[in-house]
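Spelled out from the first residue to the last, the chains are:
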Amino acid sequence: MITAAQLRAARALLGIDQRTLAELAGVSLPTIQRMEKSEGNVRGVVDTLMKVVTALDRAGVELIYDSARSESGGRGVRLKEPNGT
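The rules behind these values
Residues numbered from 1 in each chain as written. Predicted model: local features only at pLDDT ≥ 70, side-chain atom pairs only at ≥ 80, totals over all residues. Heavy atoms only, no water. Salt bridge = Lys/Arg side-chain N within 4 Å of Asp/Glu carboxyl O. Helix = DSSP H or I, 4+ residues; strand = E, 2+ residues; numbered from the N terminus. Buried < 20%, exposed > 50% of the residue type's maximum accessible area, 1.4 Å probe, protein only.

Going by what an unreviewed UniProt entry lists, the protein chain is known as Helix-turn-helix transcriptional regulator and is assigned to Stappia albiluteola.

So this is what it looks like as C-alpha cells:
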C-alpha cells in the first residue's frame, strides 16, 4: 500500500511534522512514528492506514504505486495540481 519512505517523503513535501500528520489523520503520534520506522511496506490496521493515506490525499499529496503510470517507474510521491487533478 504505502512504504515508510513514501510516508516520510510525503510529510517532507507538505512541510509537516509527525504530530501534524497524526492530527490530520486522526491517529496517535506513536502510530505515525511506528509506521515511519517500518521497513518496506507499512504494516498496520487497514483502517488506520487508510486514515493516513486519506489525510495525505486531502493535504495534496499523490502516492505513486508500483503499478501507477510514472515516466521513470517505481514508487514515490508528488504534489497534486492545485485543482485536484
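There is more to say, and it comes next.
Enquirer: Describe in detail the pattern of salt bridges, supporting the description with residues and values.
Expert: Two side chains with opposite charge may pair up if their charged atoms get near one another. Tallied over the entire structure, the rule returns two salt bridges. Residues E36 and R11 are paired through a salt bridge, measuring 2.5 Å at the closest nitrogen-oxygen approach. Placement of E36 in helix α3 (residues 29-37) and of R11 in helix α1 (residues 4-14) is noted, with a sequence separation of 25 residues between them. Judged by its relative accessible area of 14%, R11 is buried. A salt bridge links D47 to K51, with the shortest nitrogen-to-oxygen separation between them at 3.8 Å. Of this pair, D47 and K51 both sit in helix α4 (residues 46-59), separated by four residues, roughly a single helical turn.

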